[in-house]
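Below are the chains, spelled out letter by letter.
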Amino acid sequence: MDIKLYQKTQRDLAATVNLVIDTYWEDNISEDEMVESIQKLFINNESKFLKEGNFTTVLRQQCGKRRLDVVSRLLNTNE
């Protein structure tokens, strides 16, 4: 799965997170690939993921609770 690791905006980041997790849920990529992709996205876009220790508003609105539950478990955040 080819994704851009550096995202231009929070909306672009949210769309990519959605794509990665949805692709995993559809059994088109392995769990390891999903985990690695989310972790790389986080490392390269941390300021777009989190603000004051919480997911940004745009991410919460665009990704939804179920996807962010997955992301927070992968990143070990407390959201």
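Our subject is the structure listed above.
Residues numbered from 1 in each chain as written. Predicted model: local features only at pLDDT ≥ 70, side-chain atom pairs only at ≥ 80, totals over all residues. Heavy atoms only, no water.

1. A few points about unusual backbone geometry
With the exception of glycine, the majority of residues adopt a negative phi angle, and the majority of peptide bonds are in the trans configuration.
Then, in step 1: Phi angles above zero are rare outside glycine, and Asp-27 is one such case at about 60°.
Then, in step 2: Among the structural elements, Asp-27 can be located in the loop between helix H1 (10-25) and helix H2 (31-44).
Then, in step 3: Classification of Asp-27 as exposed rests on a relative accessible area of 67%.
Then, in step 4: Non-glycine residue Glu-52 carries a positive phi angle of around 55°.
Then, in step 5: Tracing the sequence through the fold places Glu-52 in the loop between strand E1 (50-51) and strand E2 (54-55). (Helix = DSSP H or I, 4+ residues; strand = E, 2+ residues; numbered from the N terminus. Buried < 20%, exposed > 50% of the residue type's maximum accessible area, 1.4 Å probe, protein only.)

2. Looking at the packing of aromatic side chains
Then, in step 1: Scanning the model with the defined rule gives one aromatic pair in all.
Then, in step 2: Ring centres of Phe-42 and Phe-49 lie 5.3 Å apart, and the angle between their planes is 65°; this geometry places the pair in the edge-to-face category.
Then, in step 3: Classification of Phe-42 by relative accessible area gives buried; the value is 15%.
Then, in step 4: One residue, Arg-66, lies across the ring of Trp-25, its end atom 4.7 Å from the ring centre. (Phe/Tyr/Trp six-rings, centres within 6.5 Å; stacked < 30°, edge-to-face > 60°. Lys NZ or Arg CZ within 6 Å of the ring centre and 35° of its normal.)

3. Thoughts on the pattern of salt bridges
Then, in step 1: Scanning the model with the defined rule gives two salt bridges in all.
Then, in step 2: The salt bridge involving Asp-22 is made with Arg-67; its shortest N-O contact spans 3.0 Å. Residue Asp-22 is found in helix H1, and its partner Arg-67 is found in helix H4 (residues 57-75); the two are separated by 45 residues along the sequence. (Salt bridge = Lys/Arg side-chain N within 4 Å of Asp/Glu carboxyl O.)

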